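Summary of the model geometry
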Amino acid sequence: MKAENLWRRSWLSFLCALMPLSGLAAAPAAPVIDTSKVAAADRASPLAEDWQRGAFIEIFVRGYKDSNGDGIGDLRGLTQSLDYLRDLGIRGIWLMPVTRSQDHDHGYAVSDYRDIEPTYGSLSDFDDLLREAHARGIGVIFDYVVNHSAAANPIFADASASTGSRYRNWYVWREQAPAGWKIMGKDPWVSTPTGAYLAQFSQSMPDFNLLDAQVLAYHQDNLRFWLNRGVDGFRFDAVTHLVEHGPDAWYDQPEDYALMNELRTVVDGYAHRYAVCEATRNAVAYAAPTACGAAFALDSGHLIVDAARGKRRAIKAIANYFTTAPAGMAMMVSNHDLFAGERLWDQVGGDLAQYRLAAATYLLQPGTPFIYYGEEIGMSAGPGLQGDPKLRTPMSWTADPLHAGFSTAKPYRVVAANVAQQNVASQSASPNSLLSHYKSLLALRNTYPSIAHGSYQSPMVAGRVMSYRRQLGGETALVVINYGLKPAKFKVQGLAADASFRQVFPKAAGTPLAVAADGSAQVAVEAQSVQVYIHTSL
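The rules behind these values
- Residues numbered from 1 in each chain as written.
- Predicted model: local features only at pLDDT ≥ 70, side-chain atom pairs only at ≥ 80, totals over all residues.
- Heavy atoms only, no water.
- Helix = DSSP H or I, 4+ residues; strand = E, 2+ residues; numbered from the N terminus.
- Rg over C-alpha atoms; globule rule 2.2 N^0.38 Å.
- Contact = heavy atoms within 4.5 Å.
- Lys, Arg positive; Asp, Glu negative; His and termini not counted.
- Charge placed at Lys NZ, Arg CZ, Asp CG, Glu CD.
- Expected span 1.5 Å × (residues − 1).
- Buried < 20%, exposed > 50% of the residue type's maximum accessible area, 1.4 Å probe, protein only.
- Phe/Tyr/Trp six-rings, centres within 6.5 Å; stacked < 30°, edge-to-face > 60°.
- Salt bridge = Lys/Arg side-chain N within 4 Å of Asp/Glu carboxyl O.
- Disulfide = S-S within 2.5 Å.
- Bend = angle between axes of the 7 residues up to and from the residue.
- Core = buried A, V, L, I, M, F, W, Y, C linked by side-chain atoms within 4.5 Å.
- Pairing = 2+ DSSP bridges.
- Polar contact = N/O pair within 3.5 Å; in protein donor to acceptor, adjacent residues only side chain to side chain.
- Axes fitted to C-alpha atoms, helices over the stretch in contact; angles between N-to-C directions.
- Parallel < 35°, antiparallel > 145°, perpendicular 65-115°, else oblique.
- Left-handed = near helix turned anticlockwise from the far one by under 90°.
- Nonpolar A, V, L, I, M, F, W, Y, C, P; charged D, E, K, R; others polar.

1. Considering the overall build of the protein
Regarding its fold elements, the protein presents 15 helices and 20 strands. In terms of overall dimensions, the protein is globule-like: its C-alpha atoms have a radius of gyration of 25 Å, near the 24 Å expected for 538 residues. Taking the intrachain contacts of the protein between residues at least 6 apart in sequence as the baseline, contacts between residues at least 24 apart amount to 67%. Charge centroids of the protein, computed over 47 positive and 51 negative side chains, lie 6 Å from each other.

2. Details of helix α7 (residues 254-268)
With 15 residues, α7 should reach 21 Å at 1.5 Å per residue; the first-to-last C-alpha distance of 21 Å fits that figure. Listed in full, the buried residues belonging to α7 are D256, Y257, L259, M260, L263, R264, V266 and V267. Against the buried residues of α7 lie α6 (213-229), β9 (233-236), β10 (274-277) and α8 (283-286).

3. Here's the deal with the packing of aromatic side chains
Counting across every chain of the model gives 38 aromatic pairs. The interplanar angle of 80 degrees and the centroid separation of 6.1 Å between the aromatic rings of Y64 and Y373 together place this pair among those described as edge-to-face. With Y64 in the loop between β1 (56-59) and α2 (75-80) and Y373 in the loop between β12 (368-372) and α13 (424-427), this pair connects stretches of sequence that are 309 residues apart. Judged by relative accessible area, which is 0%, Y373 ranks as buried. Between Y64 and W397, the aromatic rings sit 5.3 Å apart at their centres with planes inclined by 75 degrees, giving edge-to-face as the arrangement. Remark: W397 occurs in the loop between β12 and α13 and Y64 occurs in the loop between β1 and α2; sequence separation between them is 333 residues.

4. Some remarks on the pattern of salt bridges
Summed over all chains, the structure comprises 24 salt bridges. In this structure, the salt-bridge partner of D125 is R76, at a minimum N-O distance of 3.0 Å. One end of the pair, D125, is in helix α4 (residues 123-135); the other, R76, is in helix α2, and 49 residues separate them in sequence. Residue class for D125 comes out buried when judged on its relative accessible area of 8%. A relative accessible area of 52% places R76 in the exposed class. Taking the shortest distance from any N to any O, the salt bridge between R235 and D143 comes out at 2.6 Å. Of the two residues, R235 is situated in strand β9 and D143 in strand β5 (residues 139-144); the sequence distance between them amounts to 92 residues. Here the salt bridges do not stand alone but share partners, grouping D83, R86, D87, D128, R131, E132 and R136 into one network.

5. Some points on the side chain of Q200
Tracing the chain through its elements places Q200 in the loop between β8 (195-198) and α6. We classify Q200 as buried; its relative accessible area is 0%. If sequence neighbours within four positions are ignored, Q200 has contacts with N147, I183, M184, K186, P188, D207, H241, E244 and W250.

6. Some remarks on the state of the cysteines
Under the definition given, this model contains 1 disulfide. A sulfur-sulfur separation of 2.1 Å characterises the disulfide bridge that pairs C277 with C292. On the sign convention where negative is left-handed, the bridge of C277 and C292, at about -95 degrees about the S-S bond, is left-handed. Note that C277 is positioned in strand β10 and C292 in the loop between α8 and α9 (298-308), a separation of 15 residues in sequence.

7. Here's the deal with helix α10 (residues 312-324)
A maximum bend of about 25 degrees is found in α10 at I318. When we look at burial in α10, the residues that qualify are A314, I315, I318, A319, Y321 and F322. On its buried side, α10 packs onto α9, β11 (330-331), α12 (352-364), β13 (455-462) and β14 (465-472).

8. Here we look at the nonpolar core
Core analysis: the biggest nonpolar cluster contains 136 residues, and L85, L95, F126, F234, F236 and L364 have the highest contact counts within it. Examining the composition of this core, we find that 8 residues originate from one element, α12, more than from any other. If we skip the residues at most four places from it in the chain, L364 touches L441, L444, R445, I451, Y468, R470, V479, V530 and V532.

9. A short note on unusual backbone geometry
With an omega dihedral of 10 degrees, the bond running from F505 to P506 counts as a cis peptide bond. Even without a glycine there, the phi angle at H104 is positive, about 55 degrees. A relative accessible area of 46% means that H104 is categorised as partly exposed. Backbone geometry places N282, a non-glycine residue, at a positive phi of 55 degrees. Relative to the helices and strands, N282 is located in the loop between β10 and α8.

10. Topic: the sheet that holds β1
Pairing in this open sheet of 7 strands is parallel, and the strands run β10-β9-β5-β2-β1-β12-β11 from one edge to the other. With partners counted over all chains shown, the strands left at the sheet margins are β10 and β11, one partner each. Bridge count for β1 against β12 is 3 bridges, and the pairing is parallel. Bridge assignment links I57 to a residue of β12, and that residue is I371.

11. Examining the environment of T280
Within the fold, T280 resides in the loop between β10 and α8. Through-space distance from the C-alpha of T280 to that of F142 is 19 Å; in sequence the pair is 138 residues apart. Excluding residues that lie within four positions of it along the chain, T280 makes contacts with T240, H241, Y251, L298 and F339. One polar contact links T280 to T240, side chain to side chain, over a distance of 3.2 Å.

12. Section: the packing of α12 against helix α14 (residues 434-447)
The contact between α12 and α14 brings their axes to 10 Å, and the two run at 20 degrees. One element, α12, and the other, α14, form an angle in the roughly parallel class. Considering the relative orientation of α12 and α14, their crossing is right-handed. Contacts between α12 and α14 involve L352, Y355, R356, A359, A360, L363 and L364 on the former and, on the latter, L434, H437, Y438, L441, L442, L444 and R445. Looking at the contact of α12 with α14, its residues break down into 11 nonpolar, 1 polar and 2 charged.

Following this line, the structure appears as structure tokens:
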């Protein structure tokens, strides 16, 4: 009873902050609810038609670069870092949420879908970022949270104030919290004086009722708001959680696919845009053109790391992955969520050979690769932190143990544990650094169309050695990776008879790889190494 009374007092305090009460001084004006219609107004994209085939980098703006000395990363700081990203070989940026949020950190509790988080800057700053990124051939997509809003979103504040609110049906309400529900180990229903609402992830993030046509239309208008400004697409969050039918039917429902088809259709109405979904189940199905069109292959990240460790089952699984999965899958080895994996440095225990193998595995295969910020320099997690925050620490620009070159002030969160060794400044001048390794791999993807978006052919595994071919037009790339601890000789078959393949990685050197009349070639590959060859037919 004491807990219930405390909740009621907290809830009334929240409402009082939004509504003036009789006998008291008038409270500040309630936030404006903007649900206005937005018509499509496509700006001609300055990007190449296939820009999204290149590598993306996922960036937590709060943690990337602070431009104004407040200890918090911002849009101007990111804009100032675009030359670094261009030189790295990045073709796309995925921003974690940059819209106004209730949490003022991870950003997934959205309080205003049409404005920028104030600590990150302004809409004008965002426009500047787009313009400068486009000038460097880099596209920008950002997180769009469709499943839920923030409890502090003025739409929800209105909906929760009265059962007669015009926005009441925009969220999932019951007169009383139903029994028998459990999502991710907890009861998702939150009781209030006006009823109980569904909140799968947190009581501060109430679920939208996406079966209401007005709610879907609102989200479509929000997408057009940003697309009209020139944004290049979206990463859609938690798409397997959109519709709930009951305690045993709240995950990956048939309507989820249809809803994503409706949202993706808006994106497809603009030239050269890209959409990708976070689907924690049936990702291949969500990648279909009748749903998202692309989805993260979250199941593959752990396989890639296990292959880099030399585990044979994982090597075979990753070799065969794209024999059935569509080429539109998005590949990664970690991201901002702990369930997707620790930072790569921590997954491989700082083993640089395994680290390089993991990077090469997913940067050379089909799909759109997504690098998590700091991965290219071997950033580790933040020391002393638990859960997702340890993955979302300031970028390690320098070896400074306090500021990491991220800010002139105390950062919002502790810097990476290995900042002294793994940072941009210390690696930029070294041809043997992780940073140079990533640059070389991305240069291959940006130079050879067969690697960027060619077909995937003839995967072969012998022991701990894997090979496959990527082909587009008259260009064929042969990739051979030895995950083992010993040198190996590997026989590749099915090549063009008497063809000559020139080595392009790790460097263009040595005698060309000669193919015999039977289409076979013997490849000598060093332990824990990668070799890439190119053949061009006339």
